[in-house]
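# Working through the structure, step by step
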Amino acid sequence: QVQLVESGGGLVQAGGSLRLSCAASGRTYTRYAMGWFRQAPGKEREFVAAISWSGGSTYYADSVKGRFTISRDNAKNTVYLQMNSLKPEDTAVYYCNADSNLGATMDQYHAAYWGQGTQVTVSS
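Residues numbered from 1 in each chain as written. Predicted model: local features only at pLDDT ≥ 70, side-chain atom pairs only at ≥ 80, totals over all residues. Heavy atoms only, no water.

## Focus on the overall build of the chain
Check the secondary structure of the chain and you find 0 helices and 11 strands. Helices and strands appear in the chain in the N-to-C order β-β-β-β-β-β-β-β-β-β-β. Against the globule reference of 14 Å for 124 residues, the chain gives a C-alpha radius of gyration of 13 Å, in line with a compact fold. Expressed along its principal axes, the backbone C-alpha trace of the chain runs to roughly 40 × 30 × 25 Å. Taken across its 124 residues, the chain has 44% of its residues classed as buried. When contacts within the chain are restricted to residue pairs at least 6 apart in sequence, long-range pairs at least 24 apart make up 58% of them. (Helix = DSSP H or I, 4+ residues; strand = E, 2+ residues; numbered from the N terminus. Rg over C-alpha atoms; globule rule 2.2 N^0.38 Å. Buried < 20%, exposed > 50% of the residue type's maximum accessible area, 1.4 Å probe, protein only. Contact = heavy atoms within 4.5 Å.)

Written as structure tokens, this is what we have:
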């Protein structure tokens, strides 16, 4: 089992920045790829970003490419999502996930482990 806890969400003005963190505990963390999804009110959960267990491969949704950066620190068992140039449409609950398969972290129906989410609100 892997437990995931997100933090770092909050209220920010458009154009601002936030850094989300996802701390993992439980089974050997460094063997898992990690990802971020988000869900806005009334919408389906959507993929945001993913990173391989080594950190050597990263993937982004087109909507956040160039503005968000995913990274990880295996020594701290933590994955980060640096969000810059935030827009009101980025408002959502952000969830991190983990899976031994990188592809699964980009699929909300197959990722093995999920956190409880952290709210991000971007005001215009």
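That shown, we press on.
## Looking at the state of the cysteines
What we call a disulfide is simply a covalent bond connecting the sulfur atoms of a pair of cysteines. Following the criterion strictly, the structure yields 1 disulfide and no others. There is a disulfide in this structure between cysteine 22 and cysteine 96, and the S-S distance comes to 1.9 Å. Disulfide cysteine 22 to cysteine 96: torsion about the S-S bond roughly 45 degrees, handedness right-handed. Of this pair, cysteine 22 sits in strand β3 (residues 18-26) while cysteine 96 sits in strand β9 (residues 92-99), and the two are 74 residues apart along the sequence. Look at cysteine 22 and you get buried, because its relative accessible area is 0%. (Disulfide = S-S within 2.5 Å.)

## Quick notes on the side chain of aspartate 90
Within the secondary structure, aspartate 90 is located in the loop between β8 (78-83) and β9. Within the structure, the side chain of aspartate 90 is placed 2.7 Å from the side chain of arginine 67, a separation counted as a polar contact. At 2.8 Å, the side chain of aspartate 90 forms a polar contact with the backbone nitrogen of lysine 87. When sequence neighbours within four positions are dropped, the list of residues in contact with aspartate 90 reads Arg38, Arg67, Phe68, Ser85, Val120 and Val122. (Polar contact = N/O pair within 3.5 Å; in protein donor to acceptor, adjacent residues only side chain to side chain.)

## Brief notes about the sheet that holds β8
If you trace the 4 strands from one edge of the open sheet to the other, you get β1-β3-β8-β7, paired in antiparallel fashion. The outermost strands of the open sheet, each flanked by one partner alone, are β1 (2-7) and β7 (68-73). Between one strand axis and the next, the sheet turns by 15 degrees as a mean value, whatever way the strands run. In this structure, β7 lies alongside β8, joined through 6 bridges in antiparallel fashion. Residue arginine 72 lies in a different strand from β8, and its bridge partner there is valine 79. (Pairing = 2+ DSSP bridges. Axes fitted to C-alpha atoms, helices over the stretch in contact; angles between N-to-C directions.)

## Considering the pattern of salt bridges
This model, assessed by the stated rule, comprises 4 salt bridges. Between aspartate 62 and lysine 65 there is a salt bridge, with the nearest N and O atoms lying 3.1 Å from each other. We classify aspartate 62 as exposed; its relative accessible area is 65%. Through salt bridges with shared partners, a single network forms among Arg38, Glu46, Arg67 and Asp90. (Salt bridge = Lys/Arg side-chain N within 4 Å of Asp/Glu carboxyl O.)

## Let's talk about the nonpolar core
Residues Leu4, Trp36, Val48, Phe68, Leu81, Met83 and Tyr94 are the most contacted members of the largest nonpolar core, which totals 32 residues. Of all the secondary-structure elements, those providing two or more residues to this core are β1, β3, β4 (33-39), β5 (46-51), β7, β8, β9 and β11 (118-123). Top element by residues in this core is β5. It accounts for 5 residues. If near-sequence neighbours (up to four positions away) are discounted, valine 48 is found in contact with Trp36, Phe37, Arg38, Tyr59, Tyr60, Ala61, Val64, Phe68, Leu81 and Tyr94. (Core = buried A, V, L, I, M, F, W, Y, C linked by side-chain atoms within 4.5 Å.)

Bear in mind that shape data such as this cannot, by itself, settle questions of function.
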